[in-house]
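Structural overview for review
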Amino acid sequence: MIENKKILVTGGAGFIGSNLCETLLELNNTVVCFDNFSTGKVENIQHLFSNKNFKLMVGDIRRLEDCRKAVDGVDCTLHEAALGSVPRSIKDPLTTNEVNISGFLNMLVAARDAKVKRFVYAASSSTYGDSVSLPKVEDTIGKPLSPYAITKYVNELYADIFSRTYDLDCIGLRYFNVFGKRQDPNGAYAAVIPLFVKQLINHESPVINGDGEYSRDFTYIKNVVQMNLLALSTENKEALNTVYNTAYGERTTLNQLVNYLKEYLSNYDPAIANVEIIHGPHRIGDIPHSLASIEKAQKLLNYQPQYSMKQGLKEAVEWYYEELRNKI
Ligand SMILES: NC(=O)c1ccc[n+]([C@@H]2O[C@H](COP(=O)([O-])OP(=O)(O)OC[C@H]3O[C@@H](n4cnc5c(N)ncnc54)[C@H](O)[C@@H]3O)[C@@H](O)[C@H]2O)c1
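As the structure is a computational prediction, the values presented were derived from the model and not from experiment.

1. Concerning the site of the ligand
Close contacts around the ligand come from 28 residues, with Asp35, Thr39, Asp60, Tyr148 and Val178 the closest. At 3.3 Å, a backbone N or O of Asn36 approaches a nitrogen atom of the ligand. One of the backbone N or O atoms of Glu80 is found 2.9 Å from an oxygen atom in the ligand. Bound to the protein, the ligand loses 90% of the 830 Å² it would expose on its own. Looking at the shell around the ligand, the elements with two or more residues in it are α1 (15-26), β5 (118-124) and α5 (147-166). Per-element tally for the shell around the ligand: the top contributor is β5, with three residues. Partitioning the shell around the ligand into residue classes produces 13 nonpolar, 10 polar and five charged.

Next up, the structure:
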């Protein structure tokens, strides 16, 4: 698909970024990982240092000079660096804004000036905001429900202007609840799947916000990697300068999710089947249901997701069990 290129992955030491770095190296590309390690970790990329085609640049997207250094000589950019998490953005909207909007703009300016051929960036399903229509179709969005959602929508607006004004080829990927190996189970802003897996392995009760009937289009990381590769390599002019839902196209309730996790984890430790689930209040900024239409990506990028939620969850659970059981 994409080989023998020099590709910059911002946020390459994070969950999604490190999986992208790994696959790009397997395809014989040179990879520059640009990260400030605010939420990313050296452990995520430790196994890549032995590859001579892997380069780490420690820096901050809030500094334009760092962005200029990072894009120097690269063919394409996968821009993943951002501060994720809706609750984090509610607690500290200023920092989220600086990283996710000013940092994003710095990267666009640097990519434009360095004549980067393609700029693929992590957008978000949070851009659908309070729209209740299902499935979510790219052209129909609602009002943002959090500072984080605003930042991700502003990214799309800037990318659109840069593509039209400066001819920079941009593609935004609206990720829907991504999960898989190396997603951080620790900290106040951990995503629900790694958090629940860690709690279940520790025989602690996961807390579901609300009655558990809220649903999400949980998307396995390998489908997300496929979308990034397709976005980097497409030669279809109609496919450029737009955004795509990046998802599997099925929804799972939180109650179903916890039941699958208990089932898969109890293959390793039967006592996990008896761990009780607790229900708490709903969280501010949460929408009840999320489900993507993936028609646009299928049509324009020839996207064919290879992993259903359950297939992905089995692989992820196996990885977490190996990873976490020694740390208990
Ligand atoms: N995980 C999901 O479900 C999901 C859903 C929608 C969108 N996204 C987006 O995907 C991208 C990757 O998310 P992730 O889940 O891998 O998160 P992550 O926190 O694991 O990765 C983000 C990476 O960006 C780095 N970073 C943060 N601020 C930086 C800065 N100022 N300069 C340089 N590097 C910086 C972090 O250190 C980290 O390595 C983000 O843009 C996020 O908003 C993720």
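2. Quick look at the packing of aromatic side chains
Applying the stated criterion to the full structure yields 11 aromatic pairs. The interplanar angle of 75° and the centroid separation of 5.2 Å between the aromatic rings of Phe104 and Tyr121 together place this pair among those described as edge-to-face. With Phe104 in helix α4 (residues 93-113) and Tyr121 in strand β5, the pair connects residues that are 17 residues apart, well separated along the chain. An identical accessibility class is assigned to Phe104 and Tyr121; each is buried. Taken together, a centroid distance of 5.1 Å and an interplanar angle of 55° make the contact between Tyr220 and Tyr307 tilted. Note that Tyr220 is positioned in strand β10 (residues 219-220) and Tyr307 in the loop between α9 (295-301) and α10 (309-325), a separation of 87 residues in sequence. Taken together, Phe104, Phe119 and Tyr121 form an aromatic cluster joined through their ring pairs. Over the aromatic face of Tyr166 sits the side chain of Arg112, whose NZ or CZ is 4.5 Å from the ring centroid.

3. A look at the pattern of salt bridges
Scanning all chains against the criterion turns up 11 salt bridges. Note that Asp184 is salt-bridged to Lys41, the shortest N-O span being 3.6 Å. Taken together, the residues Asp184 in the loop between β7 (178-179) and α6 (192-201) and Lys41 in the loop between β2 (30-35) and β3 (54-58) connect sequence positions 143 residues apart. Of the charged contacts in the structure, one is a salt bridge between Asp160 and Arg164, with a shortest N-O distance of 2.6 Å. Of this pair, Asp160 and Arg164 both sit in helix α5, four residues apart, which is roughly one turn of the helix. A relative accessible area of 30% places Asp160 in the partly exposed class. Among the charged side chains, a network of salt bridges with common partners joins Glu22, Lys181 and Arg182.

4. Quick word on the sheet that holds strand β4 (residues 76-79)
Taken together, seven strands build an open sheet; the order of strands is β3-β2-β1-β4-β5-β6-β11 and the sheet is parallel. Unpaired on one side and paired on the other, β3 and β11 (242-246) mark the two borders of the sheet. Strand-to-strand twist of the sheet, defined as the mean angle between neighbouring strand axes without regard to direction, takes the value 20°. Across four bridges, β4 lies against β5 in parallel orientation.

5. Some remarks on the pairing of β4
Burial along β4 is two-sided: the residues Cys76 and Leu78 and Thr77 and His79 are all buried. Here strand β1 (residues 6-10) pairs with β4 via four bridges, running parallel. Residue pairing for β4: Val9 is matched across the bridge by Leu78.

6. Details of the side chain of Asp60
Within the secondary structure, Asp60 is located in the loop between β3 and α2 (64-71). Taking the relative accessible area as the measure of exposure, Asp60 reaches 11% and is therefore buried. Polar contacts involving the side chain of Asp60 include one to the main-chain amide nitrogen of Arg62, which spans 2.8 Å.

What counts, and at which threshold
Counting of residues starts from 1 at the beginning of each chain's written sequence and follows it residue by residue. Reporting of local features is limited, given that this is a predicted model, to residues whose pLDDT is at least 70; pairs of side-chain atoms are given and counted only at 80 or more, and all residues count toward the totals for whole chains, interfaces and linings. Only hydrogens and water are set aside; all other atoms, that is, all heavy atoms of the structure, feed into the side-chain values. Near is defined per residue: the residue qualifies when any heavy atom it owns lies within 4 Å of the molecule or strand. Polar contact criterion, stated in full: a pair of N or O atoms within 3.5 Å, where within protein one must be able to donate a hydrogen and the other to accept it, and residues adjacent in sequence count only if both atoms are side-chain atoms. Each accessible area value is a Shrake-Rupley result obtained with a 1.4 Å probe; residue values ignore everything except the protein chains displayed when judging cover. Starting at the N terminus, helices and strands are each numbered in turn, a helix being any DSSP run of H or I of at least four residues and a strand any DSSP run of E of at least two. For this scheme, ten residues count as nonpolar: Ala, Val, Leu, Ile, Met, Phe, Trp, Tyr, Cys and Pro. Four count as charged, namely Asp, Glu, Lys and Arg, and the remainder, Gly too, count as polar. Working definition: a ring pair exists when centres of Phe, Tyr or Trp rings (six-membered ring for Trp) sit within 6.5 Å. Plane angles under 30 degrees give stacked, over 60 give edge-to-face, the rest tilted. Exposure categories follow from relative accessible area, calculated using a 1.4 Å probe and restricted to protein chains: below 20% of the type maximum is buried, above 50% is exposed, and the middle band is partly exposed. Two conditions define a charge sitting above a ring: the NZ of Lys or the CZ of Arg must be within 6 Å of the ring centre, and it must be within 35 degrees of the ring normal. When a carboxyl oxygen of Asp or Glu lies within 4 Å of a side-chain nitrogen of Lys or Arg, that pair is called a salt bridge. Pairing between two strands requires that DSSP report at least two bridges joining them. Note on geometry: axes are lines fitted to C-alpha atoms, helical ones only across the stretch in contact, with angles between N-to-C directions running from 0 to 180 degrees.

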